[in-house]
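Per-entry structural report
What follows is the residue order along each chain.
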Amino acid sequence: MECCHWYQKDDAVLAHKFSEMADKFGLNKRGVTMNIVQELQGSPEWLALRTKYLTASEAPCIIGISKYKTRTQLLREKSTGIVQDVDAATQARFDAGHAAEAVARGIVESLLGAELFQVTATLEINGLPLLASLDGVDMGETIIWESKLANGSNADLQKVIDEQHWPQLEVQMLVAGIPRVYFTTSDGTEVGTHGVYYESQPARRKQVLGALKQFYDDLAEYVHVPTAPEAVADH
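Here's a quick rundown of the structure. Bear in mind the structure is a predicted one, so any value in this text is a computation, not a measurement.

This next bit is on the overall build of the chain. Counting secondary structure elements, the chain contains seven helices and seven strands. Of the regular secondary structure in the chain, the N- to C-terminal order runs α-β-α-β-α-α-α-β-β-β-α-β-β-α. Of all 235 residues assigned to the chain, the portion counted as buried reaches 44%. Restricting the contact set of the chain to residue pairs at least 6 apart, pairs at least 24 apart contribute 71%. Carbon and sulfur atoms form 54% of the exposed surface of the chain, whose accessible area is close to 12,200 Å².

Rendered as structure tokens:
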């Protein structure tokens, strides 16, 4: 799960541990692999870094399937740097998601038989600056973990991916150089944590890359025209 108003020390420790070990053993230097950055997810530095890239979490919006933001809204935000304030309901959803993710991490680690490290990585491909904030990746770089908050409408996980999340997963796999994601939803309990594997699909990767390129081109030419306030008649 990726959002912009949280920061936990334990996550910072895990990310730093992964980065140090990856550098030591060369795990992030094989083929098209992760360029791991030091900015910790949720920190001010990470927030600033995101503004310089097209992020995996923005991909559903760029494709046009996001439930939370339109492509036009994202263009305006990326161009002006002005982001709409997070309201109380949205912040509560973010907080619930991260609380559930913290519990689900141990459950998923037991299932996969591997410790999962939170990592932020970047990649430039065909002139596109991409960034992915990964909820988890194993030390061998064989699997990505993506966590979402469970709700009543996401019981069919494959359907949820197909309707909402596949662009994010495709960009994550592209940036990380890893062809498989374990996608979970969780309500913060073991019985309420469910997962499904998703593997990259060439047609979908091509589609999302095309959409990202078009968005990047449109962003370069975008000119924001502020809406003039309505005139108030004199009485």
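Counting residues in hydrophobic clusters, the biggest one holds 39 residues, and the most contacted among them are L130, I144, L169, V171, V175, L212 and F215. Broken down by secondary-structure element, the contributors of at least two residues to this core are helix 3 (59-63), helix 4 (71-80), strand 3 (116-125), strand 4 (128-138), helix 6 (157-176), strand 6 (180-186) and helix 7 (202-221). Considering each element in turn, this core owes the most residues, 10 residues, to helix 6. Setting aside anything within four residues of it in sequence, one finds L212 in contact with L54, I62, L128, L130 and V171.

Applying the stated rule across the entire model yields one aromatic pair. On the numbers, 4.8 Å between centres and 50° between planes, the contact of Y182 with Y197 is tilted. Of this pair, Y182 sits in strand 6 while Y197 sits in strand 7 (residues 193-199), placing them 15 residues apart in sequence. The residue whose ring lies beneath R50 is W46, and the NZ or CZ to ring-centre distance is 5.0 Å. Over the ring of Y197 we find R180, and its NZ or CZ is 3.9 Å from the ring centre.

Quick look at the packing of helix 4 against helix 7 now. Between helix 4 and helix 7, whose axes approach to 10 Å, the crossing angle comes to 50°. On the basis of their axis angle, the class for helix 4 and helix 7 is oblique. Considering how the two elements wind past one another, helix 4 and helix 7 form a crossing that is right-handed. On helix 7, the residues touching R71, L74, L75, K78 and S79 of helix 4 are Q214, F215, D218 and L219. Residues belonging to the contact of helix 4 with helix 7 are distributed by class as follows: four nonpolar, two polar and three charged.

For the rest of this paragraph, the subject is the pairing of strand 5 (residues 144-149). Across the six residues that make up strand 5, a large majority, five, are buried. One ladder, built from two bridges, connects strand 4 with strand 5; its direction is antiparallel. Each residue of the ladder has a partner; that of V137, found in strand 5, is I144. Linking strand 4 back to strand 5 in an antiparallel pair, the connection comprises five residues, with E141 at a positive phi of about 55°. Taken together, the six bridges between strand 5 and strand 6 define a ladder with parallel strand orientation. Bridged to L149 within strand 6 is S186.

Another aspect to go through is the pattern of salt bridges. For the structure shown, the criterion picks out nine salt bridges. Between R71 and D218 there is a salt bridge; the shortest N-O distance is 2.7 Å. In this pair, R71 sits in helix 4 while D218 sits in helix 7, placing the two residues 147 residues apart along the sequence. Overall, the relative accessible area of 27% leaves R71 in the partly exposed class.

This brings us to the packing of helix 6 against helix 7. With their axes 10 Å apart at the nearest point, helix 6 and helix 7 run at an angle of 85° to one another. Compared by their axis directions, helix 6 and helix 7 come out roughly perpendicular. Contact residues: D162, W166, P167, E170, V171, M173 and L174 in helix 6; R204, R205, Q207, V208, L209 and L212 in helix 7. Broken down by class, the residue content of the contact of helix 6 with helix 7 amounts to eight nonpolar, one polar and four charged.

About the thresholds
Throughout, a residue's number is its position along its own chain's written sequence, starting from 1. Per-residue local features of the predicted model are confined to residues with pLDDT of at least 70, and side-chain atom pairs are confined, for both listing and counting, to 80 or more; whole-chain, interface and lining totals are unaffected and use all residues. Heavy atoms throughout the structure, all of them, feed into the side-chain values; hydrogens and water do not. Only DSSP runs of H or I with at least four residues qualify as helices, and only runs of E with at least two residues qualify as strands; both kinds are numbered from the N terminus onward. Burial classes: relative accessible area under 20% of the type maximum marks a residue as buried, over 50% as exposed, and values in between as partly exposed (1.4 Å probe, protein chains only). Pairs of residues are marked as contacts when any of their non-hydrogen atoms sit within 4.5 Å. Note that accessible areas follow from Shrake-Rupley with a 1.4 Å probe, and for residues the cover is restricted to the protein chains shown. We define a nonpolar core as any set of buried Ala, Val, Leu, Ile, Met, Phe, Trp, Tyr and Cys residues linked to one another through side-chain atoms lying within 4.5 Å. Aromatic pairing here means that ring centres of Phe, Tyr or Trp (its six-membered ring) are within 6.5 Å. Orientation follows from the plane angle: under 30 degrees is stacked, over 60 is edge-to-face, and everything else is tilted. A ring has a charge above it when a Lys NZ or an Arg CZ is no more than 6 Å from the ring centre and no more than 35 degrees off the ring normal. Here an angle of 0 to 180 degrees is reported between the N-to-C directions of two axes, which are lines fitted to C-alpha atoms, with helices fitted over the stretch in contact. Any angle from 65 to 115 degrees is called roughly perpendicular, while one under 35 is roughly parallel, one over 145 is roughly antiparallel, and all others are oblique. The hand of a helix crossing depends on one turn: near helix anticlockwise from the far one by less than a right angle means left-handed, and clockwise means right-handed. Ten residues, namely Ala, Val, Leu, Ile, Met, Phe, Trp, Tyr, Cys and Pro, are considered nonpolar, four, namely Asp, Glu, Lys and Arg, are considered charged, and the remaining ones, Gly among them, are considered polar. A pair of strands is considered paired only if DSSP assigns at least 2 bridges between the two. We define a salt bridge as a contact between a side-chain nitrogen of Lys or Arg and a carboxyl oxygen of Asp or Glu at a distance within 4 Å.

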